[in-house]
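Structural features, examined
Below, each chain spelled out in residue letters.
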Amino acid sequence: MSTYYPRQSSVRTSLHCACPLCGEGKLYEGLLTVRDRCPVCDFDYSSLNTDDGPAFFIIVLYSALILPLAAWFQFAVAPPIWVHFLVWIPVIVVGAIALMRPFKAWLIAQQFKHNVTDADFTR
């Protein structure tokens, strides 16, 4: 007899970095390493693989936010270049790392929701 789990919200599970099946188990062990199985429902994560998808979304979307801010900062304040490095490198690095976990979890949740496996991409 299998246990019934109601459909989970992709957004909720991604913000909590939780299992897309039960919504309770932690998806990651460490910073970005996806567990082999859910510690709560024993769901196998091996068929869910995001590869470079989260990095692509973060590069495109986060740079669309950061570049206008950096341009505004340059034209409003006109600081020397070293101030740009001092301000924007930490903002970019910390922001990208902070966004990576939920974006990766969201892509995993979307793969689970739409029943997409690695084999679907090799056809």
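The notes below deal with the structure included here. Note that this is a predicted model, so its numbers are computed, not measured. (Residues numbered from 1 in each chain as written. Predicted model: local features only at pLDDT ≥ 70, side-chain atom pairs only at ≥ 80, totals over all residues. Heavy atoms only, no water.)

Counting residues in each nonpolar core, the largest one holds 12 residues, listed as Cys-17, Cys-19, Cys-22, Leu-27, Tyr-28, Cys-38, Cys-41, Phe-43, Tyr-45, Leu-48, Ala-105 and Ile-108. Dropping the residues within four chain positions of it, Cys-41 is found in contact with Tyr-5, Cys-19, Leu-21 and Cys-22. Residues Ile-58, Tyr-62, Ala-70 and Phe-73 belong to the second largest nonpolar core, which totals 8 residues. (Core = buried A, V, L, I, M, F, W, Y, C linked by side-chain atoms within 4.5 Å. Buried < 20%, exposed > 50% of the residue type's maximum accessible area, 1.4 Å probe, protein only. Contact = heavy atoms within 4.5 Å.)

Between helix H2 (residues 53-77) and helix H3 (residues 81-113), the shortest axis-to-axis distance is 9 Å and the interhelical angle comes to 150°. Relative to H3, H2 is oriented roughly antiparallel. At the point where H2 passes H3, the crossing takes the right-handed sense. The residues of H3 that touch H2, namely those facing Gly-53, Pro-54, Ala-55, Phe-57, Ile-58, Leu-61, Tyr-62, Ile-66, Leu-69, Ala-70, Phe-73 and Gln-74, are Val-83, His-84, Trp-88, Val-91, Ile-92, Gly-95, Ala-96, Leu-99, Met-100, Phe-103, Lys-104 and Leu-107. Looking at the contact of H2 with H3 residue by residue, the classes come out as 19 nonpolar, 4 polar and 1 charged. (Axes fitted to C-alpha atoms, helices over the stretch in contact; angles between N-to-C directions. Helix = DSSP H or I, 4+ residues; strand = E, 2+ residues; numbered from the N terminus. Parallel < 35°, antiparallel > 145°, perpendicular 65-115°, else oblique. Left-handed = near helix turned anticlockwise from the far one by under 90°. Nonpolar A, V, L, I, M, F, W, Y, C, P; charged D, E, K, R; others polar.)

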